Amino acid sequence: MDTPIGPFTAVVDADGAVLASGWTGQVDQLLPLISPALRPAQTRVRPELGAVTDAVRAYHEGELSAVDEIEVRQRSGEFREWAWTVLRGVPAGKPVSYADYATLAGRPSAVRAAAAACARNAAALFVPCHRVVRTGGGLGGFRWGVATKQWLLTHEER
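Computed from a predicted structure; not experimentally measured. (Residues numbered from 1 in each chain as written. Predicted model: local features only at pLDDT ≥ 70, side-chain atom pairs only at ≥ 80, totals over all residues. Heavy atoms only, no water.)

1. Examining the pairing of strand β3 (residues 9–12)
Phase 1: Looking at chain direction, β3 and strand β4 (residues 18–22) are connected through four bridges and run antiparallel. Within β4, the position partnered with valine 11 by the bridge is alanine 20.
Phase 2: Here β3 hands over to β4 after five residues, with glycine 16 in that stretch at a positive phi of 95°. (Pairing = 2+ DSSP bridges. Helix = DSSP H or I, 4+ residues; strand = E, 2+ residues; numbered from the N terminus.)

2. With respect to the confidence of the model for the protein chain
As a note on interpretation, predicted positions should not be read in detail where pLDDT is low.
Phase 1: Averaged over all residues, the pLDDT of the protein chain is 96; the fraction at 70 or higher stands at 100%.
Phase 2: The least confident element of the protein chain is helix α5 (residues 111–119), whose mean pLDDT is 95; the most confident is β4, at 98. (pLDDT = per-residue confidence, 0-100.)

3. Considerations on the layout of surface pockets
Empty space among the atoms can be located by rolling a probe the size of a water molecule over them.
Phase 1: Put simply, the largest pocket is a space of about 650 Å³.
Phase 2: Ala10, Val12, Arg44, Arg46 and Leu49 are the residues nearest the centre of the largest pocket, which is lined by 29 residues in total.
Phase 3: Those elements giving two or more residues to the lining of the largest pocket turn out to be β3 and α2 (51–60).
Phase 4: Looking at the lining of the largest pocket, the element that brings in the most residues is β3, giving four residues.
Phase 5: Looking at side-chain class alone, the lining of the largest pocket contains 16 nonpolar, eight polar and five charged residues. (1 Å grid on protein atoms, 1.4 Å probe; cavity = no way out; pocket = protein on both sides within 12 Å on 5 of 7 lines; lining within 4 Å. Points joined across faces, edges and corners; volume = space filled by probe spheres on them. Nonpolar A, V, L, I, M, F, W, Y, C, P; charged D, E, K, R; others polar.)

4. Quick word on the pattern of salt bridges
Phase 1: Applying the stated rule across the entire model yields five salt bridges.
Phase 2: Residue arginine 73 pairs with aspartate 13 through a salt bridge whose shortest N-O separation is 2.8 Å. Of this pair, arginine 73 sits in the loop between α2 and α3 (78–87) while aspartate 13 sits in the loop between β3 and β4; the two residues are 60 residues apart in sequence, bridging distant segments of the chain.
Phase 3: When its relative accessible area of 14% is taken as the criterion, arginine 73 is described as buried.
Phase 4: A salt bridge links arginine 73 to glutamate 71, with the shortest nitrogen-to-oxygen separation between them at 2.9 Å.
Phase 5: Taken together, the salt bridges that share partners define one network made up of Asp13, Asp15, Glu71 and Arg73. (Salt bridge = Lys/Arg side-chain N within 4 Å of Asp/Glu carboxyl O. Buried < 20%, exposed > 50% of the residue type's maximum accessible area, 1.4 Å probe, protein only.)

5. Points about α3
Phase 1: For α3, the full list of buried residues reads Phe79, Ala83, Trp84, Val86 and Leu87. End-on view of α3: buried residues confined to an arc of 160°, all on one side of the axis.
Phase 2: Buried residues in α3 make contact with α4 (98–104), α5 and β6 (132–133). (Arc of directions from axis to C-beta. Contact = heavy atoms within 4.5 Å.)

6. Overview of the environment of alanine 102
Phase 1: With respect to the helices and strands, the residue alanine 102 is situated in helix α4.
Phase 2: Judged by relative accessible area, alanine 102 falls into the buried class, the value being 0%.
Phase 3: Beyond its immediate chain neighbours, meaning those up to four positions away, alanine 102 contacts Arg107, Pro108, Ala110, Val111 and Ala114.

7. Comments concerning the nonpolar core
Phase 1: The biggest cluster of nonpolar side chains holds 46 residues, and the ones touching the most others in it are Trp23, Leu87, Tyr101 and Phe126.
Phase 2: Within the residue set of this core, elements represented by two or more residues are β3, β4, α2, α3, α4 and α5.
Phase 3: Beyond its immediate stretch of four places on either side in the chain, tyrosine 101 contacts Ala83, Trp84, Val86, Leu87, Val96, Ala114, Ala117, Cys118 and Val132. (Core = buried A, V, L, I, M, F, W, Y, C linked by side-chain atoms within 4.5 Å.)

What follows is the structure, encoded as C-alpha cells:
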C-alpha cells in the first residue's frame, strides 16, 4: 500500500499475524527477515489485509495507536523475543535510547543485544524499533532508511 513515506508491505500469516513488514514494495525484501520456522512456503499478493491494512492507514493518518493491537509473530532467542515484546510497549512520541531499551528489557548491560533486537526486527511499525535512538538523541540506523525513521519520529511527536 502507498503511505506518505513510500510503499508499505506486510507479510501476514493465515490467521492475520504480521510476520514481517516495512516500507518497501517488494515482498522479496521481507521474506528473508522471517524466521525459517515461520516463513511461508508460498505467498499471495493481496492489496487488502483487513485489520493490518486498516491499522497501517490509520497510523499514517495520525491514529498512532492503531498498530498496537495487531498480532505479531517473530521467532528468535529468548532475550530477543522478550525485547520485541518490550519494544511494543514504548509509546509513540517517547523514544528511548538503546541503553534505556536494554534496561527496559531487563538487561541494562546488554546494550548491544538490545540494538541487535532492533536490527533483527522483521515487523517494522508493529514492533516500533524506530522509537529507539542513540544516547543524546542521534537517530542511529534503520533498515528502511534514516529519512523514514525521522519521518516516523516527527509524525509521532505531533
